[in-house]
Amino acid sequence: MTEVLVSTECFRQKEDAQFFGALNEIRFGQVSDQTIDYFMTRCFETDENLNTKYTRLFFRNMEVDVYNNKEMESIKQEGYWFYAKDVIKNPNIQCSFQIPTAVYLKIGAIVMLVRNINVEEALCNGTIGTVILIENNAVWVNMNKKEVKIECVKEEILNCSHAVVGSRFGLPLKLAFSFTVHKAQGSTMNKAVVQFNSKAFINSLYYVSLSRVCNTNDIFININNKLELRKIFKSITVDSDVLEFYKKYI
């Protein structure tokens, strides 16, 4: 018999009940005009007055790459390439690694860990920091208010028999001036700018994008047209099976 466990207590927005209530309307696909007006106060049609240090969330990888490259170009420092080395035992098997094939870094770049390095010290997949020093085979990053040396690590891909079919040895970092909403799932951010100029490919990502912060004042919605934002909120729906689940267990 399957046991269903449902989390009912909010921790991230527990100090902002209005924000939590508005997010719940999005989660259930029942967004009222009052909630739309509420989120419209966090809408910015240009990003001129938005701090560039705030993490940007996009719905598409292509937009993340464009923004990250633009921010890298603005850093007037010498850049360094780090290239990974792959060992593929069967060329007919396509291996998908978390460690990037190559990453271009500069001092001052915002980066994210893509592998767990030291869980006890919170150096986990998704941890963000700033590059402070670059060495031949390592990068020093300010993470969690500590100076951390990030070296190349080995990542292995296993088949269903737990045999290694491919491996990559490389630097477990990627640029993180911005990243996708999908990658942000589970993260809590101090400030976040959500780029609504492109639509999410699934409605649940709207809830994910807006709920990464603890307080309404810490979320910034950037979109070229405020009328388009209202349409997006009005169009949010939830699968009927999901609603039935909530009715049954909550």
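- Naming follows an unreviewed UniProt entry, where the protein chain appears as ATP-dependent DNA helicase PIF1-like of Hydra vulgaris.

**Observations concerning helix 1 (residues 17-27)**
- Residues of helix 1 that are buried include every one of Phe19, Ala22, Leu23, Asn24 and Ile26, and no others.
- Each element contacted by the buried residues of helix 1 is listed here: helix 2 (33-40), helix 5 (204-210) and helix 6 (226-235).
- Residue Gly29 follows helix 1 closely and has a positive phi angle near 70 degrees.

**Section: the packing of aromatic side chains**
- All told, the structure shown has 12 aromatic pairs when counted by the stated rule.
- Relative to Phe233, the ring of Phe39 has its centre 5.5 Å away and its plane inclined at 20 degrees; by these criteria the two rings are stacked. Of this pair, Phe39 sits in helix 2 while Phe233 sits in helix 6, and the two are 194 residues apart along the sequence. There is no split in this pair, since Phe39 and Phe233 are both buried.
- Geometrically, the ring pair formed by Phe44 and Phe220 is tilted, given 5.7 Å between the ring centres and 45 degrees between the ring planes. Note that Phe44 is positioned in strand 1 (residues 43-44) and Phe220 in strand 15 (residues 219-222), a separation of 176 residues in sequence.
- Judged by its relative accessible area of 10%, Phe220 is buried.
- The ring of Phe220 carries Arg42 above its face, with NZ or CZ at 5.0 Å from the centroid.

**Here we look at the packing of helix 2 against helix 6**
- For the pair helix 2 and helix 6, the least separation of the axes is 10 Å and the interaxial angle reads 140 degrees. What the angle tells us is that helix 2 and helix 6 run oblique. The way helix 2 lies across helix 6 gives a crossing that is right-handed. Here helix 2 contributes Asp33, Ile36, Asp37, Phe39 and Met40 to the contact with helix 6, which in turn contributes Lys226, Leu229, Arg230, Phe233 and Lys234.
- In the contact of helix 2 with helix 6, the residues fall into five nonpolar, no polar and five charged.

**Details of the side chain of Arg56**
- Along the polypeptide, Arg56 turns up in strand 2 (residues 55-58).
- What makes Arg56 buried here is its relative accessible area of 2%.
- Engagement of the side chain of Arg56 in a polar contact is seen with the side chain of Gln195, the distance being 2.9 Å.
- Residues within four places of Arg56 in sequence aside, it is in contact with Asp47, Leu50, Asn51, Tyr67, Phe177, Ser178, Phe179, Val193, Gln195 and Asn222.

Definitions and limits used
- Residues numbered from 1 in each chain as written.
- Predicted model: local features only at pLDDT ≥ 70, side-chain atom pairs only at ≥ 80, totals over all residues.
- Heavy atoms only, no water.
- Buried < 20%, exposed > 50% of the residue type's maximum accessible area, 1.4 Å probe, protein only.
- Helix = DSSP H or I, 4+ residues; strand = E, 2+ residues; numbered from the N terminus.
- Contact = heavy atoms within 4.5 Å.
- Phe/Tyr/Trp six-rings, centres within 6.5 Å; stacked < 30°, edge-to-face > 60°.
- Lys NZ or Arg CZ within 6 Å of the ring centre and 35° of its normal.
- Axes fitted to C-alpha atoms, helices over the stretch in contact; angles between N-to-C directions.
- Parallel < 35°, antiparallel > 145°, perpendicular 65-115°, else oblique.
- Left-handed = near helix turned anticlockwise from the far one by under 90°.
- Nonpolar A, V, L, I, M, F, W, Y, C, P; charged D, E, K, R; others polar.
- Polar contact = N/O pair within 3.5 Å; in protein donor to acceptor, adjacent residues only side chain to side chain.

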